[in-house]
Amino acid sequence: MLDILSITMTGSRYNLHGHTQFCDGHAPMEHFVRQALDERFTHYGFTPHAPTTVQSTCNMSRDDVPRFLDEVRRLRQVYGDRLVIMAGMEIDYIDGFGPADPYFQSLPLDYRIGSVHFIPSLHDENCSVDVDGRFERFREKMERHFDGDIEWVVRTYFRQMTRMVEQGGFDIVGHLDKIGLNASQYQPGIDCQPWYDALVRDLFDAVMDHHYIIEINTKAWNEFGRTFPSERYYHMLRRAQAPVVFNSDAHYPHLINAGREQAISRYLAI
Ligand SMILES: [Zn+2]
Ligand SMILES: [Zn+2]
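This section reports on the structure supplied with the text. (Residues numbered from 1 in each chain as written. Chains lettered and ligands numbered in written order. Predicted model: local features only at pLDDT ≥ 70, side-chain atom pairs only at ≥ 80, totals over all residues. Heavy atoms only, no water.)

1. Focus: the packing of aromatic side chains
Note the threshold: Whether two aromatic rings pair depends on their centres lying within 6.5 Å, for rings of Phe, Tyr and Trp, where Trp uses its six-membered ring; planes under 30 degrees apart make the pair stacked, over 60 edge-to-face, and the rest tilted. Strands are runs of DSSP state E lasting at least 2 residues, helices are runs of H or I lasting at least 4, and numbering of each runs from the N terminus. For every residue, the accessible area obtained with a 1.4 Å probe (protein chains only) is divided by the maximum for its type, and the residue is called buried under 20%, exposed over 50%, and partly exposed between those limits. The rule for a charge over a ring is simple: NZ of Lys or CZ of Arg within 6 Å of the ring centre, and within 35 degrees of the ring normal.
On inspection of all chains with the given rule, the structure shows 15 aromatic pairs. Measuring from ring centre to ring centre gives 6.4 Å for F32 and Y44, while their planes differ by 35°; the resulting arrangement is tilted. With F32 in helix 2 (residues 29–38) and Y44 in strand 2 (residues 43–46), this pair connects stretches of sequence that are 12 residues apart. The exposure class of Y44 is buried, given its relative accessible area of 0%. Taken together, a centroid distance of 5.3 Å and an interplanar angle of 70° make the contact between Y234 and Y267 edge-to-face. Of this pair, Y234 sits in helix 10 (residues 234–239) while Y267 sits in helix 11 (residues 260–269), placing them 33 residues apart in sequence. Exposure remark for Y234: the relative accessible area of 1% places this residue in the buried category. Here the guanidinium or amino end of R62 rests over the ring plane of Y103, the centre of that ring lying 3.7 Å away. Cation over ring: R260 sits above Y14, and NZ or CZ is 4.4 Å from the ring centre.

Listed below in structure tokens is the structure:
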């Protein structure tokens, strides 16, 4: 496997989490490569939302996986002398199905990100609900699928994350506490409560026990001034000497570096 940490330790400009036309990104892969070259990046990793078990327009279909891998190979031929281009995936963990599945393990990927975007409905455990999207939609789902029980949603998100970590099959833990953004808009201050803090810390301990790399995801920085994990956990990460990567989770080429420099300088200032 690619030595991910050697990329980040050189202080190089990189992004290992990005979406394109193959899932819910808004430009072809080549546009991201050109932007990366313009911004003097040394490494760019593509991580389409992987095929999954639920109906989702955001996820790549299995039929598209060979085309995605072909496009990475083509781009390497054209631009590979100036930029290290990597093939990854952001793989959903949904109730037992996730990165550890033999299908994902068989793919010739440079690395895998494990993430939770879906949790089961309170009413029907076989119905998976996307809790990752914009807040307006999240608020509707809170009533329709979760009877407004935000604590149940948060606890279930962290339970799914912990199960994913225990099951394994990936390299980087994606946006560790992402549920905190929608949850804290639904109930301001929820992410400062002791029980919430304990969930984050318990998950962090499990992640460290299993030796994963932790992503500091900067996708929401421009709009919300927040990273995942939240800045309040930087001290915990630094004290534990956690292996971290700073990713923009870009869906548009002009955002490939969004929030990264700010997060890195704040992280290093602690
Ligand atoms: Zn994600
Ligand atoms: Zn993503």
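What follows continues from the structure just given.
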